[in-house]
Amino acid sequence: MKKKLNKNLIERYSRQIVLKDIGTLGQKKIFSSKILIVGAGGLGSPVAEFLTRAGVGTIGIVDNDKINLSNLHRQSLYGMADIGKNKVFIVKKKLNNINKNTKVNVYNFRLNNKNFIKIINKYDLIVDGSDNFKTKFLLNDFCLKYKKILITGAISKFDGHIFSFNFKNKKLPCLRCFFQESEINEDLLNCESEGILGTVAGIAGIIQANEVLKKILNIGKNLNGYILILDLLNLNFRKVKLNKINND
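Residues numbered from 1 in each chain as written. Predicted model: local features only at pLDDT ≥ 70, side-chain atom pairs only at ≥ 80, totals over all residues. Heavy atoms only, no water.

**Brief notes about the layout of surface pockets**
Picture a little ball the size of a water molecule; that probe, rolled over the atoms, points out where space is still empty. As a volume, the largest pocket reaches approximately 640 Å³. Lining of the largest pocket is provided by 33 residues; of these, Asp65, Gln75, Lys87, Ser130 and Asp131 occupy positions nearest its centre. Of all elements in the fold, only helix 7 (133-145), strand 5 (149-156) and helix 8 (191-194) reach the threshold of two or more residues within the lining of the largest pocket. If you tally residues by element for the lining of the largest pocket, the top one is strand 5, at three residues. Among the residues forming the lining of the largest pocket, the class breakdown is 10 nonpolar, 14 polar and nine charged. (1 Å grid on protein atoms, 1.4 Å probe; cavity = no way out; pocket = protein on both sides within 12 Å on 5 of 7 lines; lining within 4 Å. Points joined across faces, edges and corners; volume = space filled by probe spheres on them. Helix = DSSP H or I, 4+ residues; strand = E, 2+ residues; numbered from the N terminus. Nonpolar A, V, L, I, M, F, W, Y, C, P; charged D, E, K, R; others polar.)

**Some remarks on the nonpolar core**
Counting residues in each nonpolar core, the largest one holds 30 residues, and the members touching the most others are Ile35, Ile37, Leu51, Val56, Ile61 and Val212. For this core, the elements supplying multiple residues, two or more each, are strand 1 (34-38), helix 4 (44-54), strand 2 (58-62), helix 5 (87-98), strand 4 (125-128), strand 5 and helix 9 (198-217). Those residues in contact with valine 212, other than ones at most four positions away along the chain, are Ile35, Leu51, Leu125, Val127 and Ile151. Residues Leu111, Phe116, Ile119 and Cys174 belong to the second largest nonpolar core, which totals 27 residues. (Core = buried A, V, L, I, M, F, W, Y, C linked by side-chain atoms within 4.5 Å. Buried < 20%, exposed > 50% of the residue type's maximum accessible area, 1.4 Å probe, protein only. Contact = heavy atoms within 4.5 Å.)

**Focus: the packing of aromatic side chains**
This model, assessed by the stated rule, comprises eight aromatic pairs. Each ring, one from tyrosine 13 and one from phenylalanine 31, has its centre 5.4 Å from the other, and the planes form 70°; the classification is edge-to-face. Of the two residues, tyrosine 13 sits in the loop between helix 1 (7-12) and helix 2 (14-17) while phenylalanine 31 sits in helix 3 (residues 23-32), which places them 18 residues apart along the sequence. When its relative accessible area of 2% is taken as the criterion, tyrosine 13 is described as buried. Ring geometry for phenylalanine 142 and tyrosine 146: centres 6.1 Å apart, planes at 20°, overall stacked. Assessed through its relative accessible area of 11%, phenylalanine 142 is described here as buried. Positioned over the ring face of tyrosine 226 is lysine 239, at 5.0 Å from the centre of the ring. (Phe/Tyr/Trp six-rings, centres within 6.5 Å; stacked < 30°, edge-to-face > 60°. Lys NZ or Arg CZ within 6 Å of the ring centre and 35° of its normal.)

**So, unusual backbone geometry**
Across the chain, the bulk of peptide bonds are trans and the bulk of non-glycine residues have phi less than zero. Unusually for a residue other than glycine, lysine 147 sits at a positive phi of about 55°. Mapped onto the elements of the fold, lysine 147 is located in the loop between helix 7 and strand 5. In this structure lysine 147 comes out as partly exposed when scored by relative accessible area, which is 43%. One non-glycine residue, leucine 235, adopts positive backbone phi at about 55°. With respect to the secondary-structure elements, leucine 235 resides in the loop between strand 7 (226-231) and strand 8 (236-241). On the basis of relative accessibility, which here comes to 62%, the residue leucine 235 falls in the exposed class.

**Section: the side chain of asparagine 99**
Locating asparagine 99 in the fold gives a position in the loop between helix 5 and strand 3 (103-107). Apart from the residues within four sequence positions on either side, asparagine 99 is in contact with Arg12, Tyr13, Thr52 and Gly55.

**Considerations on the pattern of salt bridges**
Summed over the entire model, instances satisfying the criterion amount to six salt bridges. Between lysine 136 and aspartate 128 there is a salt bridge, with the nearest N and O atoms lying 3.1 Å from each other. Exposure class is identical for lysine 136 and aspartate 128. Each is buried. (Salt bridge = Lys/Arg side-chain N within 4 Å of Asp/Glu carboxyl O.)

**Thoughts on the sheet that holds strand 4**
Strand order across the open sheet formed by eight strands is 3-2-1-4-5-6-7-8, with mixed pairing between neighbours. A single partner strand is all that each edge strand has here, and the edge strands are strand 3 and strand 8. For this sheet, the mean angle separating the axes of adjacent strands, direction not counted, is 15°. Along the sheet face, helix 9 touches strand 1, strand 4, strand 5, strand 6 (159-166) and strand 7 and points at about 170° away from the line of strand 5. (Pairing = 2+ DSSP bridges. Axes fitted to C-alpha atoms, helices over the stretch in contact; angles between N-to-C directions.)

**Some remarks on the pairing of strand 4**
Across the two faces of strand 4 the burial is the same, with Leu125 and Val127 and Ile126 and Asp128 all buried. Bridging between strand 1 and strand 4 involves four bridges; their strand directions are parallel. Each bridged residue has a counterpart across the sheet, and for leucine 36 the counterpart in strand 4 is isoleucine 126. Bridge count for strand 4 against strand 5 is four bridges, and the pairing is parallel.

The structure is reproduced here in C-alpha cells:
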C-alpha cells in the first residue's frame, strides 16, 4: 500500500515519525507491510490492535472461535455485547474503528495445511497467537518452507515465551529445536486448566507487536535464535539462546 504522508497522517503518527529510527521512510514501510495474525485471543487481540494503531497497511486475522464470557478478562478487543459472535468479524469492526486506513482481511476458519497454502504468500510476516501446539508446529513448518518471518508467543499462568524466527536464514533454529513434539503436554497452553492472568496475555502480545514493528523497520536487536522468557510474577526476564538440531 503506497500512501503519501499528508498533514493528517503526519499528525496521527507524529510520535513515531519523530523517532530517529523511524522517520517518514520508516512510517511508509509500516504502511506497506502485510501481517497475518493467527489467533484472535489473548495474544492476537493486542497484536492486532497495536499494529493497527501503528499504521500497518494490511492485517489478516485467522480464527474460527466465538467470543465467550471467560475471554473478556484478557482478550482486549471484546466486550459483553460481543458474546456469542465470531471473533474475526468483531476484530475487523473494532480495528476499522481504530484506523480505517488499515485493510483487515478475516479468515473465519481453523488453520490447516490446505487453507494456509492459499493465504501465506499474501503476507510478509506471520504472528502466532494460537493456543495449541498443533497450530504452532503447522505455522513453524510452513513458515520454514516458504521462508517467512514468524513471531511466536505462548502464555500460561504468570509466564510468557516470545520467539522470533527468520526463516530466510536456514542456519537459525526453529520451534522444533525448543519443543519436542513427542514430549509436548497440550495442557501447558490450556488457559482453562492451567489458568492465565489477563495482564500476562496483554504484555506478551504487545511484545510480539513490538517485535513485528522492529522487523518491518529492520531496527534494534532481534530474538532470532533466542527465546525471551517472561516470569511476570517475580519480574524475571531472560533471553536464552536456542540451539539448532539436526532434524529441524
